[in-house]
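Coordinate analysis (summary)
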Amino acid sequence: MTNAELAQRVPGTTAEAITSKTDIRARRFAAGAEATSDLAAAAATRALDQAGLSVDRIDYLIVSTSTGDHPQPPTSCLVQDLVGAYGAACFDVNAVCAGFVHGLVLAQSLVAARPGAHALVVGADLYSRILDFDDRRTAVLFGDGAGAAVVGGVGDDRGFDGYDLATRGDRHDVIRVDAGGSRRPASHKTLAEGGHFFRMKGRDVTDIVLHEVPPFVDKLLARAGLTAADVDHVVPHQANGRLLAQLVERCGLAGATTHRTVEKYGNVGSASVPVTLDEANRAGLLADGDLVLLLGFGGGMSMGASLLRWAAPARK
């Protein structure tokens, strides 16, 4: 879905305006018959193939999403059925766009406590299903996607090198879907009011991210005995191209390689970090031993960061 195509659907904007304000040039929308579990299962299958691991070796299946197939059961259960991971314990994580990093941290803890275990972590979102295309502030930003990673023991001083998670629950109102839960159950009134659409206070989000994330990253690096100069690669949530540039600068990470997919995929929610990490890996841009910072932030307001000492996988 190019900017030109989207501008025909979203009143009051143009392709040029979208690009200039966001750096986004295109995004993908799922087919009408596809749901979050379908994209998640496709990504999970590709991750297993790249890892050279059979699905029966998966002990935990974690799906990070804020656009699940249904209110219940967990989308992870549907993914389990689609990929045949019947030996895995399954659960969902909803930390919105920070969710994949939260899922990785949980997977690390589970695998570390059970040597030989493996976890499959998937970030997947279909934001096209909850966008209000009359709201140009949000409709131009989001797309659909899924990314996945297999977590297991690597040894040789590779793998996770530290993490941190944080939440600003007092700012829960800046990113939200108001209706459809126990506070405002679905009704004719909530449908008429557009209560099931995604809403975001964009300027507030920018202010919070630029104010809260840099000291959050500093704290993680200090705890790990590292500095920003030690980071080789940054894989951030692909919120908005202009915001990413400001954030990297404020975090003192301009010397690292910042990986971006926002230009061609837009903001794909929980899938942003794994999709971008996958593209960097497939392009051969990550060398064995490189220090990679994964950085997620989103609704809640939630933040998640993880340091990875890269263990170059075997390529297929």
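Because the structure is a prediction, the values reported are computed rather than measured.

The feature "domain: Beta-ketoacyl-[acyl-carrier-protein] synthase III C-terminal" (unreviewed entry), as given by UniProt, occupies residues 221–310 in the numbering adopted here. For residues 221–310, helix accounts for 31% and strand for 24%, while the C-alpha atoms at its two ends are 16 Å apart.

This next bit is on the side chain of Asn267. Examined against the element boundaries, Asn267 turns out to sit in the loop between α10 (262–265) and α11 (272–282). Of note is the side chain of Asn267, whose polar atom sits 3.4 Å from the side chain of His237. With near-sequence residues (within four places) excluded, Asn267 lies in contact with Ile24, Cys97, Leu141, Phe142, Gly143, His237, Gln238, Ala239 and Ser272.

With that settled, consider the pattern of salt bridges. Side-chain pairing between opposite charges can occur once the charged atoms of the two side chains come close. Under the counting rule described, the total for this entry stands at 19 salt bridges. Among the ionic pairs, Asp23 bridges to Arg260, the shortest N-O distance being 3.0 Å. With Asp23 in the loop between α2 (15–22) and α3 (36–51) and Arg260 in the loop between β9 (257–258) and α10, this residue pair connects regions lying 237 residues apart in the sequence. Overall, the relative accessible area of 18% leaves Asp23 in the buried class. Here Arg260 falls in the partly exposed class, since its relative accessible area comes to 29%. As a salt-bridge pair, Asp204 and Arg171 come within 3.4 Å of each other at their nearest N and O atoms.

For the rest of this paragraph, the subject is the UniProt feature "domain: Beta-ketoacyl-[acyl-carrier-protein] synthase III N-terminal" (unreviewed entry) in the protein chain. When the UniProt feature table is mapped to this numbering, "domain: Beta-ketoacyl-[acyl-carrier-protein] synthase III N-terminal" (unreviewed entry) covers residues 91–168. As a span, residues 91–168 carries 23% helix and 36% strand, and end to end its C-alpha atoms are 23 Å apart.

Here the residue pair Gln72 and Pro73 is connected by a cis peptide bond, since its omega of 5° sits within 30 degrees of zero. Turning to its location among the elements, Pro73 is positioned in the loop between β1 (60–64) and α4 (75–83). In this chain, Gly300 is followed by Met301 through a cis amide linkage whose omega measures -10°. With a phi angle near 70°, Asp23 is a residue other than glycine that sits in the positive phi range. Positioned with a positive phi, Val96 is a non-glycine residue whose angle comes to about 50°. Counting through the fold element by element, Val96 comes out in the loop between β2 (89–93) and α5 (99–112).

About the criteria used
Each residue is numbered by its place in its chain's sequence as written, counting from 1. Since the coordinates come from a predicted model, pLDDT governs what is reported: local features require at least 70, and pairs of side-chain atoms require 80 or more to be given and counted, while whole-chain, interface and lining totals use all residues. Values shown for side chains rest on all heavy atoms present in the structure; no hydrogens or waters enter the calculation. UniProt positions are given in the numbering used here, feature names are shortened, and annotations may be inferred rather than shown by experiment. A run of DSSP states H or I qualifies as a helix once it reaches four residues; a run of E qualifies as a strand once it reaches two. Both are numbered from the N-terminal end. Under the rule applied, a polar contact is a pair of N or O atoms within 3.5 Å (in protein, one hydrogen donor and one hydrogen acceptor; residues adjacent in sequence only if both atoms are side-chain atoms). Contacts are residue-level and defined by heavy atoms, with any inter-residue pair within 4.5 Å sufficient. We define a salt bridge as a side-chain nitrogen of Lys or Arg found within 4 Å of a carboxyl oxygen belonging to Asp or Glu. Classification of residues uses two cut-offs on accessible area relative to the type maximum, computed with a 1.4 Å probe and protein chains only: under 20% is buried, over 50% is exposed, and between them is partly exposed.

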